[in-house]
Amino acid sequence: MEFSTLQTTLPVSDLEHAARARKVAERLDDLRAYGRHGYTLANTLTITGTNDVTIIDTLTKDQAK
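Residues numbered from 1 in each chain as written. Predicted model: local features only at pLDDT ≥ 70, side-chain atom pairs only at ≥ 80, totals over all residues. Heavy atoms only, no water.

Let's talk about the side chain of T60
With respect to the secondary-structure elements, T60 resides in strand β3 (residues 52–61). Those residues in contact with T60, other than ones at most four positions away along the chain, are M1, E2, F3, G38, Y39, T40 and A42. (Helix = DSSP H or I, 4+ residues; strand = E, 2+ residues; numbered from the N terminus. Contact = heavy atoms within 4.5 Å.)

Right, here's the structure in full:
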């Protein structure tokens, strides 16, 4: 089994809505790219800070694929 992580940091301020939306779209693109290479999303952890939220995705890939 192979593991990989993807970390995305998003601003929490409503004043940074455009930046947050752009980061969310980038995360989805990254997850799709991993999927095209045989990875499956195994877990998502969200860490909320004062000024931002960090999303850490853990992906797995079966070596037999």
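We are not done yet, so read on.
Details of the side chain of R27
Locating R27 in the fold gives a position in helix α1 (residues 17–36). If we skip the residues at most four places from it in the chain, R27 touches L6, T8, T44, I55 and D57.

Quick word on the pattern of salt bridges
Considering all chains together, one arrives at 3 salt bridges under this definition. R20 is the partner of D14 in a salt bridge, and the nearest nitrogen-oxygen pair spans 3.7 Å. (Salt bridge = Lys/Arg side-chain N within 4 Å of Asp/Glu carboxyl O.)

A look at the pairing of β3
Note: strand β1 (residues 2–11) against β3, 10 bridges, orientation antiparallel. Residue pairing across strands places T9 opposite T54, the latter belonging to β3. Here 8 bridges tie strand β2 (residues 40–48) to β3, and the two strands are oriented antiparallel to one another. Along β3, the bridge assignment pairs I47 with T54. (Pairing = 2+ DSSP bridges.)

Examining α1
With 20 residues, α1 ought to run about 28 Å at 1.5 Å a step, and its terminal C-alpha atoms sit 29 Å apart, in line with that. Listed in full, the buried residues belonging to α1 are A19, R20, R27 and L31. All buried residues of α1 fall inside an arc of 115° around its axis, so they share one side. Exposed positions of α1 whose direction lies more than 90 degrees from the buried face are A18 and R36. (Expected span 1.5 Å × (residues − 1). Buried < 20%, exposed > 50% of the residue type's maximum accessible area, 1.4 Å probe, protein only. Arc of directions from axis to C-beta.)

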